[in-house]
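If you want the building blocks of each chain, they are given just below.
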Amino acid sequence: MEHLIKGKFGRIVISSYLNNPLKYGQSKINQRSFSSIWGGRALERSRPLFYTHNRYQRRHYGMLIVRALRGVLKIRYILLGGAVAGGGALQKKFQDWQDGMPDLKWLDDVLPDNEKWQEWRGNLIEFKDTMKDKIAIDPRIKSLTESKLNEFRSWFDQRLDDAIAAAEQQNGQLPPAIDGAFSSLSEFVERLYSDTKEKNTVFAKSFTETFERDDKARKDAQARLNNLQDEMIQTQIKYQKELERLEKENKELRKQNLLLKQGKKAPTRKIKHSLIDMYSEVLDELADFDSGYNTQDQLPRVVVVGDQSSGKTSVLEMIAQARIFPRGAGEMMTRAPVKVTLSEGPYHVAQFRDSTREFDLTKESDLADLRREVELRMRSSVRGGKTVSSEVISMTVKGPGLHRMVLVDLPGIISTVTTDMASDTRECIKQMTQTYMNNPNAIILCIQDGSVDAERSNVTDLVAQCDPNGKRTIFVLTKVDLAEENLADPNRIRKILSGKLFPMKAIGYFAVVTGKGRKDDSIQTIKDYEEYFFKNSKLFKDGVIRSTQVTTRNLSLAVADCFWKMVRETVEQQADAFKARRFNLETEWKNNFPRIREQDRDELFERARAEILDEVVNLSQVSPKQWEDCLMSKIWDKVSSHVFENIYLPAAQTGSFETFNTSVDIKLRHWAEQALPSQAVESGWETLQEEFQKFMSKANQAPDHDDVFDLLKAAVVSEAMQRHSWEDKASEMLRVIQLNALEDRTVSDKRDWDAAVKFLETSVKNKLKQTEDMLKDMLGPSVKERWMYWKYQSEEQAKRCAIKSELDKILYTNEKHPPLLTYDELTTIRNNLLQRSSIEVDNEFIREVWFPVYRRHFLKQSLTKAYDCRKSFYLYHQQADVECSDIILFHRIQQMMKVTSNALRQQIINREARRLDKEIKDVLEDYSQDIDKKETLLTGRRVTLAEELKRVRQIQEKLEEFIQALSKEKYKTKTKFTFGILDTTESLSL
């Protein structure tokens, strides 16, 4: 039976047995053997073998068909069960996946709400009903469709019942096909889960990155927006000042023009200023002047201090009789000191110091513009992430009945720094307030909120520290109407106004009401309310407050009297201090700079402007040949490395004439289309900069050179060069002419051939020198240097020398060695070094030495080849077979450089020099408006001494002018008083 096989060949084997039973051995064939072959029950010996076999085979095929059908019908249960189990697993995984998803609640703001969805759904249902009524279905088609559907349903139910019956008759074993299908389903579910998880991770990561990127972009956009707002504010202020200046000049020019037409001469009369205006101008000059203790700004002014929201600004507005300051609910509005000069005049107007516009304070529109302008100036003065600024905003308010004085409104003192403030805001405000109050001649107007507890006051302690005796402090209690409602004990207000509650002292105590809580109330409305309150107040009736201690009118009178008394006592002392300071400064100038005229920064800047512009004009003196020589040298410095490393050496080291030309053509074209135009433009830009710097250097070496301008000139040139950029269309034009020049392979005459040979020799020699220098650094000192100069090699340099000796032997035996060492050569070198010198090195170390050694060897061969090609022009011209492809390559590059330098020279002369001149003028104009730039770039004792002298002279002159005007007013007042007494005496005698 060992010759019998299973399968379809069983009948052939049995038939062969029946024909020749002796061949197989009858004793070995038994019932068990046949059972093992066919897998059925044992064959009966009484029946013919072929009959039993055919019957068994038919039965076996029938069973297989039944099992297959049972398995196919049973798949439904497996699929349903798998779907249920898989659905539960997928639901859990989906829940985990959903928990890992980012929060998408922001979509609620984008997508419509539920009411809109329901409205849209209702519209769709209406549309469906409308279309259903309009579109009618043919009854025949409808009946045909229903009959087909019923027929298909009955057929499916019958097949399902047959499948269930067949499945119940089986023993529950899964066929292999179904088992494989189930395993495939499990693998599919796992793969689906893994893919879903992976996609979920990628989506979450992508969403997180997108969110972070959007958040960063949003922050950057906000920062850019803030910067743009600041720049816009600065630009608006700048152009507003310029517009006002031009309007003023235009008025003057119109007047002069009108006078000239009438044949008259324009009168030159001196404008007469009031006494308080003159004093205010002196304070403006002293605002940013600080030159030591003897000449510090110690002139009197009224400093308004108080806690935030205590009513400082409201008191100042009541004194000025106009709502001139911006307001905010609980927000810090005063961010910089505001100096207000009050003076009497026929019209109620306001004007900034550096502006010519007058705001009519009787018009609400002008008041709104004034408040907006004050807020704009405050915000523009705050820089560098700060919340407050020490830059003073000066304005003048004139009107009928105003008392002449100068007040400074400071930011309110705060107790806590909020998140939208700088961390040092509290200290900055405190330091600024103390600086103004420490002036020994300053009058402190201390504002205290009467509606809050006295224990919460911060300003009273500061005032007590700066003026412990209270000789120049006036205490003002605001919001008394609210205090009367909230306080149960009226004696507390009496203690405050008598100076017994706070530890500070004052020369006067006042109680005022500066509003009814509405920011739209006019000044007249508030004054009427104040008068009405104090007439009907219990505090006034019960004698808690005296009549001289109430209303802002009495407060204004008291402050003005105190102010002018302090001015008369101290102004002459300040004038004497500045006179002595001026004498000391003039003596220092005569001793240190006896032969130099005094020039401030503005005058020095104008001198530097003229010198720089003169050097720009000198660019036209450069000859075309000089431009082209400089441009060719700069272009070759820029492209030489690329020519050798990427074009010439890779092509020449192939050793094939045809390969060399093909490689060179391809690389030259790719280079000309990609990087060459931009490299040429960079070369032109650098050449223009270097030539301009040469002229500046020559000017700096002149005998009459003034080194005070060096920093300014260097900064202007550097800034102009950074702003200057070559025209975009220049690159495209250069690309065309460079491609044409590089594609021309012909050398027309002997002169061009000799120039190309010389160019190649010079370039190869320079490259050879660089290679030898690199090789010398790698090998260390030579034998001569070691013997004569006592120099030594390091261990690594000694190894390189040994390797070089082996490499020289290889190149000596094979002068046309390829650029790379073979593995056998590397092994040979290592073995030789190990046997002769006991030196162990790796292949990379040998290749490191091989590169410069082979580079020097190849360059020497190229140089020899160039020498041989000097006299080969006629052979080349006769189209003989000469190996001078190197000369052709460098001729093409040389011609390309010539046409490029010529084109760049024309662009410089015709366009770029004028554009550079414009850039320099723009930079000079910007610097002329930037005071900080001038202070940074024009430095030295000579500059600062001239500036200080100028300022001291101006301040002294204004002080003397003010003192003279003050003396005249005293004389007039005294004269009027004397004549008044005489008139009274005469009338009494009569």
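Per an unreviewed UniProt entry, the recorded name for the chain is Dynamin-like GTPase OPA1, mitochondrial, and the organism is Zophobas morio.

*Asks:* I'd love a proper account of the overall build of the chain, names of residues and values included.
*Replies:* Within the chain, the regular secondary structure consists of 32 helices and nine strands. When burial is assessed residue by residue, the chain has 39% of its 990 residues classed as buried. Sequence separation of 24 or more characterises 78% of the internal contacts of the chain that already satisfy a separation of 6 or more. Counting only carbon and sulfur atoms, one obtains 53% of the accessible surface of the chain, whose full area is about 60,800 Å².

*Asks:* Account for the sheet that holds strand E2 (residues 338–344), with residues named and values stated.
*Replies:* Ordered by their spatial adjacency, nine strands build an open sheet running E4-E3-E5-E2-E6-E1-E7-E8-E9, and the pairing between neighbours is mixed. Single-partner strands in this sheet number two, and they are strand E4 (359–360) and strand E9 (508–511). Strand direction decides the pairing type here: strand E3 (residues 349–352) and strand E5 (residues 393–399), joined by four bridges, are antiparallel. Directly across from Ala350, in E5, lies its bridge partner Val397.

*Asks:* Please set out a nonpolar patch on the surface residue by residue, giving values where relevant.
*Replies:* Together, Val783, Trp787, Met788 and Tyr789 make up an exposed nonpolar region whose accessible area comes to about 530 Å². Among the structural elements, Val783 can be located in helix H25 (residues 783–788). Judged by relative accessible area, Val783 falls into the partly exposed class, the value being 47%.

*Asks:* Give a description of the state of the cysteines that names residues and reports values.
*Replies:* Counted under the stated rule, the structure contains one disulfide. With a sulfur-sulfur separation of 2.3 Å, Cys869 is cross-linked through a disulfide to Cys884. Between Cys869 and Cys884, the S-S dihedral sits near -100°, and the bridge is therefore left-handed. With Cys869 in the loop between helix H28 (843–868) and helix H29 (873–877) and Cys884 in the loop between H29 and helix H30 (885–929), this residue pair connects regions lying 15 residues apart in the sequence. Just as Cys869 is buried, Cys884 falls in that class too.

*Asks:* Run through the packing of helix H24 (residues 750–779) against helix H26 (residues 795–813), naming residues and quoting values.
*Replies:* In the contact formed by H24 and H26, the axes pass within 7 Å of each other and the chain directions differ by 125°. By the angle between their axes, H24 is oblique relative to H26. Only Gln797, Arg800, Cys801 and Lys804 of H26 make contact with H24, whose side of the interface consists of Leu775, Asp777, Met778 and Leu779. A per-class count over the contact of H24 with H26 returns four nonpolar, one polar and three charged.

*Asks:* Break down the packing of H24 against H30 for me, with residues and values.
*Replies:* Look at H24 against H30: their axes get within 8 Å of each other, and the N-to-C directions meet at 100°. The angle between H24 and H30 places the two elements in the roughly perpendicular class. Touching Asp752, Trp753, Ala755, Ala756, Val757, Phe759, Leu760 and Ser763 of H24 are Asp886, Ile887, Ile888, Phe890, His891, Ile893, Gln894 and Met897, all from H30. For the contact of H24 with H30, the per-class residue count stands at 11 nonpolar, three polar and two charged.

*Asks:* Break down helix H27 (residues 823–837) for me, citing the residues and quoting the values.
*Replies:* The α-helix winds at 3.6 residues per turn, so residues separated by three or four positions along the chain end up facing the same way. Given a rise of 1.5 Å per residue, 15 residues ought to cover 21 Å, and the 21 Å separating the end C-alpha atoms of H27 matches this to within 8%. Against H26 and H28 lie the buried residues of H27. One or two residues past the end of H27 sits Ser838, with phi positive at roughly 55°.

*Asks:* Outline the environment of Glu912, listing residues and values.
*Replies:* Looking at where Glu912 falls in the secondary structure, it is placed in helix H30. Here the alpha-carbon distance between Glu912 and Trp726, two residues 186 residues apart in the chain, equals 7.2 Å. Once you skip the residues sitting within four places of it in the chain, Glu912 turns out to touch Leu688, His724, Ser725, Trp726, Glu727 and Gln907. Within the local environment of Glu912, its side chain forms a polar contact with the side chain of Arg915, the two groups lying 2.8 Å apart.

*Asks:* Describe the side chain of Arg601, and please don't skip the residues or the numbers.
*Replies:* Relative to the helices and strands, Arg601 resides in helix H18 (residues 601–617). When neighbours within four sequence positions are excluded, Arg601 is seen to be in contact with Lys934, Glu935, Leu938, Val943, Thr944 and Glu947.

*Asks:* Describe the packing of aromatic side chains, naming the residues involved and giving the relevant values.
*Replies:* All chains considered together, the criterion is met by 20 aromatic pairs. Their ring planes at 50° and their centres at 5.7 Å tell us that Phe475 and Tyr509 sit as a pair that is tilted. Taken together, the residues Phe475 in strand E8 (residues 473–478) and Tyr509 in strand E9 connect sequence positions 34 residues apart. For the pair formed by Phe475 and Tyr509, the shared burial category is buried. Positioned over the ring face of Phe352 is Arg377, at 4.2 Å from the centre of the ring.

*Asks:* Which residues make up the pattern of salt bridges, and what values do they have?
*Replies:* Summed over the entire model, instances satisfying the criterion amount to 53 salt bridges. Of the charged contacts in the structure, one is a salt bridge between Asp926 and Arg723, with a shortest N-O distance of 3.1 Å. Taken as a pair, Asp926 in helix H30 and Arg723 in helix H22 (residues 710–723) lie far apart in primary sequence, 203 residues in all. Judged by relative accessible area, which is 33%, Asp926 ranks as partly exposed. According to the relative accessible area criterion, Arg723 is partly exposed, its value standing at 33%. The partner of Glu806 in a salt bridge is Lys809, with the nearest N and O atoms 3.8 Å apart. With Glu806 and Lys809 both in helix H26, this residue pair falls three residues apart, about one helical turn. On the accessibility criterion, Glu806 (8% relative accessible area) is buried. Linked by salt bridges that have partners in common, Lys634, Lys638, Glu682, Glu686 and Glu690 make up one network.

*Asks:* So, the nonpolar core: which residues are in play, and what are the values?
*Replies:* By size, the foremost hydrophobic cluster in this structure holds 99 residues, and its most contacted members are Trp636, Trp753, Leu807, Leu889 and Ile920. Examining the composition of this core, we find that 15 residues originate from one element, H30, more than from any other. Filtering out sequence-adjacent residues up to four positions away, Trp753 remains in contact with Val747, Cys869, Arg870, Ser872, Phe873, Tyr876, Cys884, Ile887 and Ile888. Within the second largest apolar cluster, 66 residues are counted, among which are Ile324, Phe359, Leu361 and Leu402.

*Asks:* Lay out the environment of Ala720 in plain terms, naming residues and giving numbers.
*Replies:* With respect to the helices, strands and loops of the structure, Ala720 is situated in helix H22. Placed 201 residues apart in sequence, Ala720 and Lys921 show a C-alpha to C-alpha distance of 8.7 Å. When residues no more than four places from it in sequence are discounted, the contact partners of Ala720 are Leu916, Glu919, Ile920 and Val923.

*Asks:* Before we move on, could you go through the confidence of the model for the chain and cite the residues and values that matter?
*Replies:* Across the chain, pLDDT averages 77, with 72% of residues at or above 70. Scored below 50 in pLDDT, residues 974–990 shows zero contacts in the model against residues more than four places distant or in partner chains.

*Asks:* Go over the pairing of strand E1 (residues 302–306), please, and point to the residues and values.
*Replies:* In terms of burial, E1 is largely enclosed, as five of its five residues are buried. Alternating positions in E1 separate into two faces, Val302, Val304 and Gly306 on one and Val303 and Val305 on the other, with burial throughout. Both E1 and strand E6 (residues 405–409) contribute to a ladder of three bridges, which runs parallel. The partner of Val304 across the bridge, within E6, is Asp409.

*Asks:* If you had to explain unusual backbone geometry to someone new, which residues and values would you point to?
*Replies:* Within the chain, Gln321 stands out as a residue other than glycine whose phi angle is a positive 60°. Its identity is not glycine, yet Trp790 carries a phi of approximately 55°, on the positive side. For Trp790, the location among the structural elements is in the loop between H25 and H26.

Criteria and thresholds
Residues numbered from 1 in each chain as written. Predicted model: local features only at pLDDT ≥ 70, side-chain atom pairs only at ≥ 80, totals over all residues. Heavy atoms only, no water. Helix = DSSP H or I, 4+ residues; strand = E, 2+ residues; numbered from the N terminus. Buried < 20%, exposed > 50% of the residue type's maximum accessible area, 1.4 Å probe, protein only. Contact = heavy atoms within 4.5 Å. Areas by Shrake-Rupley, 256 points an atom, 1.4 Å probe, with all protein chains shown as cover. Pairing = 2+ DSSP bridges. Patch = residues over 30% accessible without salt bridge, like charges linked within 9 Å, V, L, I, M, F, W, Y side chains within 5 Å. Salt bridge = Lys/Arg side-chain N within 4 Å of Asp/Glu carboxyl O. Disulfide = S-S within 2.5 Å. Axes fitted to C-alpha atoms, helices over the stretch in contact; angles between N-to-C directions. Parallel < 35°, antiparallel > 145°, perpendicular 65-115°, else oblique. Nonpolar A, V, L, I, M, F, W, Y, C, P; charged D, E, K, R; others polar. Expected span 1.5 Å × (residues − 1). Polar contact = N/O pair within 3.5 Å; in protein donor to acceptor, adjacent residues only side chain to side chain. Phe/Tyr/Trp six-rings, centres within 6.5 Å; stacked < 30°, edge-to-face > 60°. Lys NZ or Arg CZ within 6 Å of the ring centre and 35° of its normal. Core = buried A, V, L, I, M, F, W, Y, C linked by side-chain atoms within 4.5 Å. pLDDT = per-residue confidence, 0-100.

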